[in-house]
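# Descriptive analysis of the structure
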Amino acid sequence: MSTHDRHLRVGMVGYAFMGAAHSQAWRTVNRVYDLPARVRMSLVCGRDESKVADAADRLGWDGYTTDWRRLVESDEIDVVDICTPGDSHCEIAIAALAAGKHVLCEKPLANTVEEARLMAAAAARARADGVRAMCGFNYRRVPAVTMMRQLVADGRLGVIRHVRAAYLQDWIVDPQFPLVWRLQRDRAGSGALGDIGAHIIDLTQFVTGQRISGVSALTETFVKERPLPTGSSGLAAQADGNGRATGPVTVDDAAVFVARLDGGAVATYEASRFATGRKNALRVEINGSLGTVVFDLERLNELEFYDATRPAAEQGFTRILVTEGEHPYMSAWWPPGHIIGYEHSFTHQMRDFVEAVATGADPTPSFADALQVQLVLDAVTRSAEQGSSWTEVTPALAAEVAA
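Heads up: these notes are all about the structure in this document. (Residues numbered from 1 in each chain as written. Predicted model: local features only at pLDDT ≥ 70, side-chain atom pairs only at ≥ 80, totals over all residues. Heavy atoms only, no water.)

## Description of the overall build of the protein chain
Across its full length, the protein chain holds 11 helices and 19 strands. What you see for the protein chain is a C-alpha radius of gyration of 21 Å, in line with the 22 Å of a compact globule of 403 residues. Considering only C-alpha atoms, the protein chain reaches an extent of 65 × 60 × 45 Å along its principal axes. Within the protein chain, contacts between residues at least 6 apart in sequence are counted, and of these 71% link residues at least 24 apart. With the model as given, the accessible surface of the protein chain reaches about 17,000 Å², and the carbon-plus-sulfur share is 49%. (Helix = DSSP H or I, 4+ residues; strand = E, 2+ residues; numbered from the N terminus. Rg over C-alpha atoms; globule rule 2.2 N^0.38 Å. Contact = heavy atoms within 4.5 Å. Areas by Shrake-Rupley, 256 points an atom, 1.4 Å probe, with all protein chains shown as cover.)

Encoded structure:
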């Protein structure tokens, strides 16, 4: 049997917003990329039988179950894809790794540092037996972001001095928006900080090759009580019609912090779900001694690049359209100039994960990488609780880094 005849049988836990995005990627990845293994979408899991049955049919899964333990323990599953709220990541991931399943887990890795440490340790143990684990920070796989990293790694920006990152949304700006799970600490771990702040923490560390070493932060919860939901799906929800049943919001609505990176750069970060008019606005700017590069998710196929080494009369920001076959991930898609979108970052994520698992390589970001992001989130939270005091990021242990 050739490597192309090998199948990786995937079981996915969760089927809402991220589950739909992952399903699209699993359906697409072998149709676009020539990989050493073929994906089979075997089983999807959810608690509500009628809803998960509908999801299996709609999203393209062979079957469904309401018991994630059945999925994890099945001899018919090779890969477990975790798309649930953060409060269940740790239990599912550790059980899957112990059962010899490769694991892809959505970000943030866990709700607490303690859980993330347990998951990184479990990944390190499983790795010794050839079992792989990866955390799903999909924005790394946007071609323009990967090219951004290449520009920095190739020295085109010189010494990195400044990092500016913001991720802004407005989907809960209405105080009557219901109290969904993302607004509850016991389910989500944190609010804007962990939900979207984790993305820009990982993205900037990925692009610069530097890690955040210390922070000074503040967080705010603008609406502290919300109507209880009668139903929800993804980022949409319905509230109790009479408006009388409410519950407390126990996470941050916004987080802002300054940081120092271990390579000497200074940085500012902002994550908010109260930026009225901003739907999914992620923007990163890197300033170096020889140039600047800028990425804006709302212009996903482009980079702005300033090359200070050019003659003074020729200097200025250049727009780079990242759609050429020579650009990261793009050779399998469309002719030059034909743009791609949000969903493609997940297809690229699955491509890298399948290739790593099939060839015995270590996929990135690893659980150890995701633990480091969790340690930054923890430092931000501790700083905000202590009046924005300067707070060092706790380093991961050597055994955890090896994961």
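Structure's up, so let's keep going.
## Overview of the pairing of strand β8 (residues 212-220)
Sheet topology note: the β8/strand β13 (residues 254-261) ladder contains eight bridges and is antiparallel. Across the sheet, the residue bridging to Ile 212 is Leu 261, located in β13. Sheet analysis places β8 next to strand β19 (residues 391-392), joined by two bridges and oriented antiparallel. Residue Val 215 lies in a different strand from β19, and its bridge partner there is Thr 391. (Pairing = 2+ DSSP bridges.)

## Describing the sheet that holds strand β2 (residues 38-45)
The strand order β3-β2-β1-β4-β5-β6 describes an open sheet built from six strands, whose pairing is parallel. The strands lining the two open edges of the sheet, one partner per strand, are β3 (63-65) and β6 (133-136). Strand after strand, the sheet turns through a mean of 25 degrees between neighbouring axes, direction not considered. Across the sheet, helix α1 (residues 17-32) touches β1 (7-13), β2, β4 (79-82) and β5 (102-106), and the angle it forms with β2 is around 155 degrees. (Axes fitted to C-alpha atoms, helices over the stretch in contact; angles between N-to-C directions.)

## A few points about the packing of aromatic side chains
Overall, the coordinates contain nine aromatic pairs when judged by the stated rule. The interplanar angle of 55 degrees and the centroid separation of 6.3 Å between the aromatic rings of Tyr 139 and Tyr 342 together place this pair among those described as tilted. Highlighted residues: Tyr 139 in the loop between β6 and α6 (143-153) and Tyr 342 in helix α9 (residues 342-359), separated in sequence by 203 residues. Given a relative accessible area of 4%, Tyr 139 falls into the buried group. (Phe/Tyr/Trp six-rings, centres within 6.5 Å; stacked < 30°, edge-to-face > 60°. Buried < 20%, exposed > 50% of the residue type's maximum accessible area, 1.4 Å probe, protein only.)

## Examining the pairing of strand β16 (residues 291-296)
β16 sits mainly inside the fold: five of its six residues count as buried. Looking at chain direction, strand β15 (residues 281-288) and β16 are connected through five bridges and run antiparallel. Of the residues in β16, the one forming a bridge with Val 284 is Phe 295. The antiparallel pairing of β15 with β16 creates a hairpin that spans two residues between the two strands. Both β16 and strand β17 (residues 302-307) contribute to a ladder of four bridges, which runs antiparallel. Along β17, the bridge assignment pairs Gly 291 with Asp 307. Here β16 hands over to β17 after five residues, the two strands then running antiparallel side by side.

## Points about α1
For α1, spanning 16 residues, the distance from its first C-alpha to its last is 23 Å, which sits close to the expected 22 Å at 1.5 Å a residue. If you check which residues of α1 are buried, you get Met 18, Gly 19, Ala 21, His 22, Ser 23, Ala 25, Trp 26, Thr 28, Val 29, Asn 30 and Val 32. Tucked inside the fold, the buried residues of α1 contact β1, β2, α2 (49-59), β4, β5 and α9. (Expected span 1.5 Å × (residues − 1).)

## With respect to helix α5 (residues 113-127)
The end-to-end C-alpha distance of α5 is 21 Å, a good match for the 21 Å that 15 residues give at a rise of 1.5 Å each. Val 113, Ala 116, Met 119, Ala 120, Ala 122, Ala 123 and Ala 126 are the residues of α5 that are buried. Residues of α5 that are buried in the fold lie against α4 (89-98), β5, β6 and α10 (367-385).

## Observations concerning the packing of α4 against α5
The N-to-C vectors of α4 and α5 enclose an angle of 10 degrees; their axes lie 9 Å apart at closest approach. Classed by the angle they form, the pair α4 and α5 counts as roughly parallel. Taken together, the residues of α5 that come into contact with α4 (itself represented by His 89, Cys 90, Ala 93, Ile 94 and Leu 97) are Glu 115, Leu 118, Met 119, Ala 122, Ala 123 and Ala 126. Of the residues in the contact of α4 with α5, the class split is nine nonpolar, one polar and one charged. (Parallel < 35°, antiparallel > 145°, perpendicular 65-115°, else oblique. Nonpolar A, V, L, I, M, F, W, Y, C, P; charged D, E, K, R; others polar.)

## What about the nonpolar core?
Of all hydrophobic cores here, the largest spans 118 residues; its most connected members are Trp 26, Tyr 269, Leu 303 and Phe 367. Those residues in contact with Leu 303 that lie beyond four places of it in its chain are Ala 144, Met 147, Met 148, Leu 151, Val 293, Val 294, Phe 295, Thr 318, Arg 319, Ile 320 and Val 322. The next biggest cluster of nonpolar side chains, apart from the first, holds 10 residues, and it includes Trp 171, Leu 179, Leu 183 and Phe 274. (Core = buried A, V, L, I, M, F, W, Y, C linked by side-chain atoms within 4.5 Å.)

## Examining the side chain of Arg 140
In this structure, Arg 140 sits in the loop between β6 and α6. Of the residues examined, Arg 140 reaches a relative accessible area of 11% and is grouped as buried. Beyond its immediate chain neighbours, meaning those up to four positions away, Arg 140 contacts Val 145, Thr 146, Asp 202, Phe 206, Thr 364 and Pro 365.

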